[in-house]
Structures are given as structure tokens and as C-alpha cells.
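The primary structure of each chain is shown beneath.
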Amino acid sequence: MNNMTRVAGGKDDFQLVHHLTLRGSQFEIGRALTEEARRLGWAPMAADPAVNRARRTWFERHWPQHHARMDGAAAVLGLDPDQDELALDGLNYVPEGSGCSALWIPPSAATDGHGRVGRNYDFFPLTSSEVMGTAPRPGELPMASRPYVITTVPDEGLASTVITMSDLDGCMDGINSAGLAVMLLVADFEHAAPPEHVSPQVGVGSVQLPRFLVDTCENVEQAKQALLGAKQYDHGLSLHYLVADAHGQAFVWERGRDGREHIVQLGDGPLCVTNHLLHRHSDPMNLPEDTPGSFGTYARLRTLYERSKGATVSPRDLRDHLRAVRQAEDPALPFRTLWTTVFDTADRTLSARFYLGDGRRYSEELVFHPSDR
């Protein structure tokens, strides 16, 4: 059973947000996602046959939910699921990437004992052409103007709700029915550059990684093991990920410039993340000064840390802290906070407010509940 509704925005607003709910087998969910992606203009990407064969084998062993959804994609396209020439995932309909700020409040620091993590998703309010320095094409929409909230309730396994602006089979934010929440952020903004070559590789891509975790893991310890055991690739745009669970645990997963993997935990207290590598600057009291290319990452983290350290934080406080680091509506700045999400890992909910236009126009806060059945 599938259902799609408009939940925020309209024809005169910057964002028009749809909520897509999919129930059934993973094969059936894959069919539905592919049908929607094709409606939005997606087509499968050519792939190196040897790499594509190895990708399918890796998914079958390590991420069977995704493997089954790819079989559903093959059915929609009328293809043999074992063919080697075309990648049947990466249901991408806009470019990816982001700035962002995130803050985890553990149960011990919350007024009601609920662990919560909130984030601002910061991105260009521009078309792809404008980002590349050219005039927009006739009718071209801004890259992030049509996000989706997607709830999947499979016949077996974990249900989840995710938000994506790019890949229908990936996400930027997600939470599952076990209370595991995951979000991605640019990890090293000062050194970020557009990828030169984008082709499917073996393992988990950067926007697939949050969905990989909400599909396969129930808690932080399982997520650590899944990440340590997974092949990962990012096409040169380094991201890091805040992962939190219903048991009050959280960590940040990131890879250094040398490719080494890092699990960053700061004890039983708030955990702040913006757009620099935490393992290189682990002391929030001793951060560098921002540069013209750092996108205010150090100042935003200082603000979040100073507002949350040693405090007992209410749900309203968390939202106030996120507003304090929301992007300014300056015509000279190329970013806006395009949505703010708050995950309640105890209640297993995702709440979101979406950007509708300048003048501090945001949607009302919408609450989504992934459900096992």
C-alpha cells in the first residue's frame, strides 16, 4: 500500500514537500521508489560491468534490503536484475551536498529524559546552473526545492522515516522504529570541492550511508560495527555523520584526509557537529578562528557548545539553540537553512520545519512516526 501527500509549501513557496509512505516487501518498495524516480526524470547510470557485479554481491551480503529494492527497480525497467551494464540504484534527481549544524542532547541532559538530536540543513537556494556560474535554464527549479519525506514500512525488518533532497534511495536525515537516528553533514568545508568523476562504486555511497544504517541497525553499537565493516566511498566530497540511539548513546563517524576512520565520542554530554573534522579539533573550547572559506563552522560549534554545556535542555531549548545558528537571510550569501529536524529517539519521531522563503517563512513543525507495522 502506497500513499503520497503534499505536507508543506505550495506553488508560490520555495519548497514543495511531499510525504511518500510505502508498505510491502522490499522488492515492492524498490518498485515504487523507482517509479517515482522515473517520473522525476531519473534513468539508470552506465556502470563498469566488473564493478557493478561486485556491487550487487556486496549488497546481497551486507545490505540485503537495498539488494531487494534494486530487484524491484529492475522489474520497473524491464531489465534482468543480474545484468552488469547499468546501476539500478542512485535514484538521484538533484545534486547532493550541504553545510549544516547538529546537536545531540542525551537523556541525562534533557528535562524529560528523552534523548534528542536536532540539525539545520543548510544548502544553496539556487539552480544547478547558477551554482555552476551560468544562467538558469527555462523552467529550471532550485536544486533543493522539492524534498521528500519517505516512510517505508517493510513486511520484515525496521521501518524508517527519512528526508532527502536528492536520492530517493538515500537520505540526509533518517530515524527507524528502533530509535536509531542518523544525519549527514559536510565534514571539511574549507577543503570541499565538487567531485570530478561520479560513478557507482562497491560499497555504500555518501548519501546511501544513513539509509544503510536505519535499514540494518537498531543501536549505536550495531552502527559502529556496520560502519567499521562496510566499504564506503564519497566521490571526493567528505561527509561525516551523527548517529544516536534510544539508549542515550551517540557518536560521530568521519574519515580523515588520509582515509583513516574515526569514531568521535565526547562522553555523557551534548555532542555538537558542524562542518570541520572533529577528530582534528576535539576540544570545543580551543577551536581555530574562522576563515573566509570555513563557512562559520567554528563559530557555529562554539555557539552550540556554549548554549548547551552543563545545562538541562528542554525540547524548546534545543530548537532555540538551532535557531541561533540558522543561516542569515543575506542576499549576498549563497546558503539558507532549508529545513530543521528534531529527532526524539525515545518516541521514535522525526519533526521538521521546511523553508518556504525569505522573511523567516518556514512551515509549521510536522511530526512523522516510523512504525513497525
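Structure first, text after, so check above.
One structure accompanies this document, and this report is about it. Since we're looking at a predicted model, the values are computed, not measured.

## A closer look at the overall build of the protein chain
- In terms of helices and strands, the protein chain carries 8 helices and 18 strands.
- Radius of gyration (C-alpha) of the protein chain: 19 Å, near the 21 Å computed for a compact globule of 373 residues.
- Overall size of the protein chain, expressed as C-alpha extent along the three principal axes, is 55 × 45 × 40 Å.
- Counting the 373 residues in the protein chain, one finds 56% classified as buried.

## Brief notes about the packing of aromatic side chains
- According to the stated counting rule, one finds 14 aromatic pairs in the structure shown.
- Here Phe123 and Phe124 contribute two aromatic rings whose centre-to-centre distance is 5.3 Å and whose plane-to-plane angle is 75 degrees, an arrangement assigned as edge-to-face.
- Ring-pair connections join several aromatic residues into one group, and the members of that group are Tyr121, Phe123, Phe124, Phe189, Phe295, Phe335, Trp339 and Phe354.
- Cation over ring: Lys224 sits above Phe251, and NZ or CZ is 5.8 Å from the ring centre.

## Quick look at the sheet that holds strand S12 (residues 250-255)
- Read across the sheet, 9 strands follow the order S1-S2-S7-S8-S9-S10-S11-S12-S13 without closing on themselves; strand pairing throughout is mixed. Edge positions in the open sheet fall to strand S1 (2-8) and strand S13 (261-264), since each of these has one partner strand only. Taking each pair of neighbouring strands and ignoring which way they run, the sheet shows an average axis angle of 15 degrees.
- Alignment of strand S2 (residues 17-24) against strand S7 (residues 148-154), held across 7 bridges, turns out to be parallel.

## Side note on the packing of helix H1 (residues 26-39) against helix H3 (residues 64-77)
- Look at H1 against H3: their axes get within 7 Å of each other, and the N-to-C directions meet at 55 degrees. Relative to H3, the element H1 is oriented oblique. The crossing of H1 and H3 is right-handed. Residues Gln26, Phe27, Ile29, Gly30, Arg31, Leu33, Thr34, Glu35 and Arg38 of H1 pack against Gln65, Ala68, Arg69, Asp71, Gly72, Ala73, Ala75, Val76 and Leu77 of H3.
- Of the residues that constitute the contact of H1 with H3, the class distribution is 8 nonpolar, 5 polar and 5 charged.

## Some remarks on the pattern of salt bridges
- By the definition in use, this model includes 19 salt bridges.
- Arg361 is paired through a salt bridge with Asp13; the nearest N and O atoms lie 3.0 Å apart. Of this pair, Arg361 sits in strand S17 (residues 361-362) while Asp13 sits in the loop between S1 and S2; the two residues are 348 residues apart in sequence, bridging distant segments of the chain.
- On the basis of relative accessibility, which here comes to 35%, the residue Arg361 falls in the partly exposed class.
- Residue classification places Asp13 among the partly exposed residues on the basis of a relative accessible area of 22%.
- We note a salt bridge from Asp188 to Arg257, for which the minimum N-O separation is 2.9 Å. Here Asp188, found in the loop between strand S10 (181-186) and helix H5 (209-216), pairs with Arg257, found in the loop between S12 and S13; they are 69 residues apart in sequence, far enough to count as distant.

## Some words on the nonpolar core
- Core analysis: the largest hydrophobic core is formed by 96 residues, its most contacted members being Leu213, Leu242 and Phe354.
- Looking at which element gives the most residues to this core, the answer is S10, with 6 residues.
- Contacts of Phe354, omitting those with residues within four sequence positions, involve Ala8, Gln15, Val17, Pro147, Val149, Ile163, Leu338, Trp339, Arg361, Tyr362, Ser363 and Leu366.

## Concerning unusual backbone geometry
- We note that Arg348 has phi near 60 degrees; this positive angle belongs to a residue other than glycine.
- With respect to the secondary-structure elements, Arg348 resides in the loop between strand S15 (336-344) and strand S16 (349-357).
- Located in the positive-phi region is Arg360, a residue other than glycine, with phi close to 55 degrees.
- Tracing the backbone shows Arg360 in the loop between S16 and S17.

## Details of the side chain of Asp215
- With respect to the helices and strands, the residue Asp215 is situated in helix H5.
- Dropping the residues within four chain positions of it, Asp215 is found in contact with Trp63, Gln65, Arg69 and Leu158.

Calculation notes
- Residue positions are counted from 1 within each chain, in the order its sequence is given.
- Given that this is a predicted model, residues contribute local features only at a pLDDT of at least 70 and side-chain atom pairs are listed and counted only at 80 or more, while totals for whole chains, interfaces and linings are drawn from all residues.
- Side-chain descriptors were evaluated using all non-hydrogen atoms of the structure, hydrogens and water having been removed beforehand.
- The helix and strand labels rest on DSSP assignments: H or I over at least four residues marks a helix, E over at least two residues marks a strand, and numbering proceeds from the N terminus.
- Only C-alpha atoms enter the radius of gyration, while the globule expectation follows 2.2 Å times N to the 0.38, with N the number of residues.
- Exposure categories follow from relative accessible area, calculated using a 1.4 Å probe and restricted to protein chains: below 20% of the type maximum is buried, above 50% is exposed, and the middle band is partly exposed.
- Think of it this way: a Phe, Tyr or Trp ring, Trp meaning its six-membered ring, pairs with another when their centres are within 6.5 Å, and the plane angle makes it stacked under 30 degrees, edge-to-face over 60, tilted otherwise.
- The rule is short: NZ of Lys or CZ of Arg within 6 Å of the ring centre and within 35 degrees of the ring normal puts a charge over the ring.
- Any two strands with at least two DSSP-identified bridges between them are counted as paired.
- To obtain an axis, a line is fitted to C-alpha atoms, over the contacting stretch when the element is a helix, and the angle between two such axes runs from 0 to 180 degrees between their N-to-C directions.
- By the definition adopted for this analysis, an angle is roughly parallel if under 35 degrees, roughly antiparallel if over 145, roughly perpendicular if from 65 to 115, and oblique otherwise.
- Less than a right angle of anticlockwise turn of the near helix away from the far helix marks a crossing as left-handed, whereas a clockwise turn marks it as right-handed.
- We call two residues contacting when some pair of their heavy atoms lies within 4.5 Å.
- Amino acids outside the nonpolar list (Ala, Val, Leu, Ile, Met, Phe, Trp, Tyr, Cys, Pro) and the charged list (Asp, Glu, Lys, Arg) are all regarded as polar, and Gly is one of them.
- Between Lys or Arg on one side and Asp or Glu on the other, a salt bridge is scored when a side-chain nitrogen of the former is within 4 Å of a carboxyl oxygen of the latter.
- Residue types Ala, Val, Leu, Ile, Met, Phe, Trp, Tyr and Cys, when buried and joined through side-chain atoms within 4.5 Å, form a set referred to as a nonpolar core.

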